[in-house]
Structures are given as C-alpha cells and as structure tokens.
Amino acid sequence: MAQFRSEATASASLLTNPAKLIDSVETFLFDCDGVIWRGDVLIDGVPETVEMLRSKGKRLIFVTNNSTKSRKQYGKKFEMLGLDVTEEEIFSSSFAAAAYLMSINFPSHKKVYVVGESGIQLELKQAGINYLGGPEDGDKRIDLSPGQLMQHDPDVAAVVVGFDRYINYYKLQYATLCIRENPGCMFIATNCDSVAHFTECQEWAGGGCMVGAIKGSTQREPLVVGKPSTFMMDHVTSKFNIKTSQICMVGDRLDTDILFGQNEGCATLLVLSGVTTLETLQSADNKIQPHYYTPTISELLAAKDLANGLHSSLL
Amino acid sequence: MNCCAQVGAEAGGSAPFLTDHTTLIDSVETFIFDCDGVIWKGDSLIDGVPETLDMLRSMGKRLVFVTNNSTKSRKQYGKKFESLGLSVSAEEIFASSFAAAAYLKSMKFPTDKKVYIIGEAGIQLELKQAGINYIGGPEDGDKRIDLTPGQLMEHDHDVGAVVVGFDRYLNYYKLQYATLCIRENPGCMFIATNCDAVIHLTDAQEWAGGGSMVGAIKGSTKKEPLVVGKPSTFMMDCLASEFNIKTSQICMVGDRLDTDILFGQNGGCATLLVLSGVTTLETLQSSENKIQPDFYTNKISDLLAAKKVTTNA
C-alpha cells in the first residue's frame, strides 16, 4: 500500500483508480452516518457497492461513533435498510465503552452513570456491568430551591457520556458529582463528534456537546473510546487478526474517521456524502488529508467493470 | 501595583494568611466583592457579612459587587440583597447578565439583529433594558427534539449573537438551536457570561455552573466564546470607567482562584481569597495551583478585626 500513499503533507487525490485501491487492501472499514446512511435514509448505491466488495472477497466492518444504538440494534437497522450485515461486523462506540470497561476489569460491585441513550445501557447490560441514569433520568427536573441537595451513589466508578437527545441539568449535575466526589471515578466519552446527520435533513449537535458540558463542569479531559482513538481499531484487528496496513478506512469526517485510519497506518478514503465538503477538505485551515476522496462509496463500483487492475502511473 | 504587594505573597510562594487587616483596608479606596461563596451561599447570608459591609462603608470605602451568576439582572440582585437585609443599590452591582448586554451595546449590536439565549431571566431582562431583541431563554425549556425521520429544525437567520450562561432548564432543543445559529449565520457571535465549573447555587452543595452550558456549545461548534464575566476584565473596565477609579485602588475579594483572583490580578488590583466558598486551603496551597492571591482569610467578617484597632499595627 505504501506505493500508493500520498506524501504526509500532500493534498488528497480524487479517487480515479478504485480497482487498484480495492486490490491493495483486504478489509474495508466503513463509518455509517454520512457514508452508508443519513439518518434513516440509505445513501444511493450503497447496497450494490457492499455486494461488489463482498464478491471480491473483501472483509467489511462498520465502525460508528453513534452510541444511541447497541451493535444488535444496528444489526436490525442494517436489516431494515435491506443490507446483509451481521452484528459481529459492527463496532459502535456504545460497544466500545462496555468493551473498555471489561478490558480494565471494572469491579462488579461498582456502577456506571450513563449520560446517553439505550445503546450504551444495552451494551453495559450485555457485558454484565451495573449502571444507572440514561433515558430514565430524562424527565427529572432541578429547581434549585433553597436547601436543595442532590444525593449521588458513591458506588459510581465511571461516568460514560455519549449523544443524548434528552440531556438535562439533572444528568449534568449527577455526572459532575460522581466525577468530582467519588475517588477514582472515570470520565469516559463514547465520542466527541461536534455534529452528525441524525436525520437526513441537516446536521445536529453531536456527542461532543454532552462531553463538552461535563468537561466544563469538571475541568477534566475524558478518555475517548470512539474514533479517532485507536481503541476500536485495536479491538477489530485483534478480533479478526488483520494488519492495519491491509485496511482501507472510509469515512465522511476528517477529525474522527480519517484521523482514526491515519493513526493506525491504514489507507484512508474520504467521502463527500456526509459532513465534510470539498471546500473544507481543501481549505488552508484543514491539516488532515486522506489519501483519496470521492463523492460517495458507490464510486467504487467503477472497479466492478474492470477484469484486471488498471496499470496507471497516476492515482 | 497596589502598595499591598509589598506585604503580599512572595513571587512563587503561597499566599499569606491576612493578619494586618487595617493596612489592607487603608491601602485601597474600593472593595469589589464576588457574591456566591463570599456574601451568600445560595439564599443564606454568610455570617458577619452585614457588619463587615457596614464597617467598610463607615470607613468611607466604595463597595461594588461583581458576580458571574447570570440568572438574575442587576435589579433582581438588588432585591436579593434587600431581602437579606443588606443595603446595596442596583448601580453597585455588576452581574455577568448585565455584562453581556453592556458588551453588545458597546459594539453597537445592530437593531435589526437578535440574540439567542441559553440562560435564564437575568439575561433576558438586561437585554430588554438595553433595547436588544432576543429569543430563546426559559421559553424554550419545554421543547423536545425526537429526531424523527425527516425532522428539520428551522432557525432565525437574524440571530447575530448567542449568549450562553447558567441554565437549569438546558435541553437539546436549545443546544441545537444555538449550534445552528453559530455555525450557519455568518458572523454570529458566541458570547459566554462565564465559564465557572461549579457554584453554590444552593447552600447545601456545589452545582455544575455556567461552564457546563458553555462547554456544550464549544463541543458542538468547536469555537471559543468571548467571555464577558470574570476573569475577563470587561466588567472591571466597566466599573472603573463608571466610577472613575484606578484599579490599583481596588481590593478584589472572591472565593474562586481562576475567576475572582485572576480577575483582580488581570486588572492590577490587590486580591483577597476567602475560604467560605468553593476553594479550600488545600487547593490554594497545592503544588498544582498557579494562582496566588495577595492574601487569604476564612471569610470577609475577618476584616472586622480592623474595627478593633485604633492605631496602625
């Protein structure tokens, strides 16, 4: 793959030889929001592209920072959209949070406070980890009447923060108390994405919002388990016994997807079907250059028509 | 630099405990007091405050109250002082709610533009007083976002500034509305009343502060706000100009190192930390703490010791 890599400081090239890229790797890692779907709407050409890559013997893995669903729930979403993807091929940041806690032998008598949605809860439950908070705290109000005191569970040893459409002051304060007052309590973020396409119509404030709120009240930096942290990559390569140099990471976001791929030495392909525009990619302020960029993943379908890889000096 | 510096902390050493109250009081003309953790905790007055303020006034000192808490307007704070038995006028109070409005006036915020508020009534009242149009605030507290397929949030393209302060009714609707304004309205400002991590909103414990709401918008916009509250010197400049006073003639009294004390230091004032609020002696003396006031004391009523001294020590 090294022969196809652009120089570290060179600009990304438009992908013109998809066949060569496909032949040079064994595994494709796909982000989901903005790459496979936007909200609940499939992006054009995705089913055919996925099929084509599978027919060429490529391993496909789906890595998403969106912690609102568990791997199982994502499996159902893929199914509902007509895509044949198994739960074992999906790595969501909700799963990553639970996997991280398991990897450090989170004590069984301790609990996690969740600022986030059911995806995180389901993965924690699957991992046998006790938790409180989450959607159940969505209707709790704080009025700050004189003398009001919020009690909190001293057994909370980790706060996991992800996107939460039902965020409120009760949750922020509960999480703040746990982190500030329970000795050794961890502050874990599923991701810090500033915005994401939660519906297909526009960008919505993302997990970075909730994480930013807790950073503001605790003045602590979280341990981030989602992209661009390499935790999920290490997990994937270990599970499937693959080398990162044999992977192409495909995503729509420079500071998570592309950085994620670069941090581990993968080939990187940016698609313009999500949050990043060509203007942003080519702006002087942008320091993150993928190897290639392309409008959508369906551009890879051009490789289907080629019997052999093209010999081209230009990529 | 205030003459108190000569009796203050050695550079690099920890702040000394205040023992010569008379010299400190005699060396300044004005005392600026933070409120939460200095004058009151939640709605409970801290012991000895009324007598201390009376003594300082009787010694001819000007008293000014500067608070980062944007939930009330200056007028509402005036009523709070009154309800606690303290005689303090609205003109002696500089709240960060007022600072936000004063800042927008100072840069001639266009009359055809609006402000979107993440915050409480204090900000709304000060903007209204300044003749600035606004939307948002408590009215958006009950709005829910379900992110159903096809959902689109419209936003007002005339919003030229988002002002963020403490908001106990924070929700995703407000976060998203503010995010859209800052990201999509050209030139839309992101103004923070303050970035305080925690505050004594009730006397019983510390509560996540304005820093939480501001942190949320920093997270979704990746922009740094313009902060009008402490430690920014905007309010210091306002009151120095209003009262025509030199900052070297001021002693800043507060309970928080990274806002109150830094505010005083940035403005060139003498600084006195009280331990009646969010900062403990341990935190002050910890090797990680880089902010040393000129002096520290337990609470402001310790200044009453000056009353007992008829000649300088």
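These numbers were taken from a predicted model, which means no experiment stands behind them.

Chemist: Describe in detail the overall build of chain A, supporting the description with residues and values.
Modeler: Each helix and strand counted, chain A has 10 helices and 16 strands in total. Seen through its C-alpha atoms, chain A measures out along the principal axes to roughly 75 × 40 × 35 Å. The contacts in chain A between residues at least 6 apart in sequence include a share of 71% that link residues at least 24 apart. As presented, chain A carries roughly 12600 Å² of accessible surface, and 48% of it is formed by carbon and sulfur atoms. Side chains of chain A carry 28 positive and 37 negative charges; the gap between the two charge centres is 4 Å.

Chemist: An account of the sheet that holds strand β5 (residues 59-64) of chain A is requested, with residue identities and associated values reported.
Modeler: All names here are of chain A. Reading across the sheet, the 7 strands line up as β1-β16-β15-β14-β2-β5-β6 and stay open at both edges, with parallel pairing between neighbours. Where the open sheet ends on each side, the last strands, each with one partner, are β1 (13-14) and β6 (90-92). Judged from the 3 bridges that link them, β5 and β6 form a sheet pairing that is parallel. Residue T64 lies in a different strand from β6, and its bridge partner there is S92. In the packing of helix α8 (residues 231-240) onto the sheet, the strands contacted are β2 (27-30), β5, β6 and β14 (247-251), and the crossing angle to β6 comes to about 155 degrees.

Chemist: Lay out the UniProt feature "active site" (unreviewed entry) in chain B with the relevant residues and their values.
Modeler: Residue and element names in this part refer to chain B. As annotated by UniProt and renumbered to match this structure, "active site" (unreviewed entry) occupies D34 and D36. Lining the second largest cavity, from this annotated set, are D34 and D36. Tracing the backbone through its elements, the reader meets D34 in the loop between β1 (30-33) and β2 (40-41). Residues in contact with D34, not counting those within four places in the same chain, are I39, V66, T67, K230, M252, V253, G254, D255 and D260. A distance of 2.9 Å separates a polar atom in the side chain of D34 from a polar atom in the side chain of K230. Summarising the element assignment, D36 is placed in the loop between β1 and β2. For D36, a relative accessible area of 10% puts it in the buried group. Residues within four places of D36 in sequence aside, it is in contact with T67, N69, H200 and D255. For D36, the side chain forms a polar contact with the side chain of W40, separated by 2.9 Å.

Chemist: Which residues make up unusual backbone geometry, and what values go with them?
Modeler: Each neighbour pair has its own omega, and for K227(A) with P228(A) the value is 5 degrees, a cis peptide bond. Relative to the elements of secondary structure, P228(A) occurs in the loop between β13 (223-224) and α8. With an omega of 10 degrees, the peptide bond running from K230(B) to P231(B) counts as cis. Positionally, P231(B) belongs in the loop between β12 (226-227) and α8 (234-243). At L144(A), a residue that is not glycine, the phi angle is positive and equals roughly 55 degrees.

Chemist: An account of the UniProt feature "binding site: substrate" (unreviewed entry) in chain B is requested, with residue identities and associated values reported.
Modeler: Residue and element names in this part refer to chain B. Mapped onto this numbering, the UniProt entry annotates "binding site: substrate" (unreviewed entry) at K230. When you line up the elements, K230 lands in the loop between β12 and α8. Other than its neighbours up to four places away in sequence, K230 contacts D34, V66, T67, N68, M235, M252, T259, D260 and F263.

Chemist: Could you give an account of the domain arrangement of chain B, naming the residues involved and the relevant values?
Modeler: All names here are of chain B. Taken domain by domain, chain B holds domain 1 (3-68 + 230-312) and domain 2 (97-226). Between domain 1 and domain 2, the C-alpha centre-to-centre distance is 30 Å. Taken together, the contact between domain 1 and domain 2 spans 12 residues of the former and 15 residues of the latter. Here domain 1 and domain 2 share an interface that buries about 1100 Å² over both sides, 56% of which is from carbon and sulfur atoms. It is N68, F234 and R256 in domain 1 that bury the most area against domain 2; as a group they hold 41% of the surface buried on that side. For the interface between domain 1 and domain 2, the tally reads 1 salt bridge. For D196, the salt bridge goes to R256, with nearest N and O atoms at 3.7 Å. For the pair domain 1 and domain 2, the interface holds 5 residue pairs in polar contact (both at pLDDT 80 or more).

Chemist: Can you lay out the domain arrangement of chain A for me, pointing to particular residues and giving the numbers?
Modeler: Residue and element names in this part refer to chain A. Examined at the domain level, chain A breaks down into domain 1 (13-65 + 227-314) and domain 2 (94-224). Each of domain 1 and domain 2 was reduced to a C-alpha centroid, and the two centroids are 30 Å apart. Facing 14 residues of domain 1, the contacting portion of domain 2 comprises 17 residues. For the pair domain 1 and domain 2, the summed buried surface comes to about 1300 Å²; carbon and sulfur atoms form 57% of the total. Contact with domain 2 buries area across many residues of domain 1, yet N65, F231 and R253 alone supply 37% of it, more than any other trio.

Rules used in this analysis
In every chain, residue numbers begin from 1 and rise along the written sequence. Each chain takes a letter, starting from A, and each ligand takes a number, starting from 1, following the order in which they are written. A pLDDT threshold of at least 70 governs which residues receive local features in this predicted model, and a stricter bar of 80 or more applies before side-chain atom pairs are shown or counted, although totals over entire chains, interfaces and linings include all residues. Values shown for side chains rest on all heavy atoms present in the structure; no hydrogens or waters enter the calculation. A run of DSSP states H or I qualifies as a helix once it reaches four residues; a run of E qualifies as a strand once it reaches two. Both are numbered from the N-terminal end. Residues are treated as being in contact if the distance between any of their heavy atoms lies within 4.5 Å. Where accessible areas are quoted, they stem from the Shrake-Rupley method and a 1.4 Å probe; at the residue level, only the protein chains shown are allowed to cover. Only four residue types enter the charge count: Lys and Arg as positive, Asp and Glu as negative, with His and the chain ends excluded. In plain terms, the charge of a residue is placed at NZ if it is Lys, CZ if Arg, CG if Asp and CD if Glu. Strand pairing is assigned whenever DSSP identifies at least 2 bridges connecting the two strands. Axis angles are defined between N-to-C directions and span 0 to 180 degrees, where every axis is a line fitted to C-alpha atoms and, for a helix, only to the segment in contact. UniProt positions are given in the numbering used here, feature names are shortened, and annotations may be inferred rather than shown by experiment. The definitions used throughout rest on a 1 Å grid laid over the protein atoms alone, on which a cavity is an enclosed set of points accommodating a 1.4 Å probe that cannot get out and a pocket is an open set flanked by protein within 12 Å on both sides along at least five of seven lines; lining residues are those having an atom within 4 Å of a point. We define a polar contact as two N or O atoms separated by no more than 3.5 Å, with the added condition that, inside protein, one atom must be a possible hydrogen donor and the other a possible acceptor, whereas residues neighbouring each other in sequence contribute only through side-chain atom pairs. For every residue, the accessible area obtained with a 1.4 Å probe (protein chains only) is divided by the maximum for its type, and the residue is called buried under 20%, exposed over 50%, and partly exposed between those limits. Where each domain begins and ends follows an automated or database-derived domain assignment. Buried area counts how much accessible surface, traced with a 1.4 Å probe, disappears from two parts once they are put together, with both parts' losses summed. Here, a salt bridge means any Lys or Arg side-chain nitrogen found within 4 Å of an Asp or Glu carboxyl oxygen.

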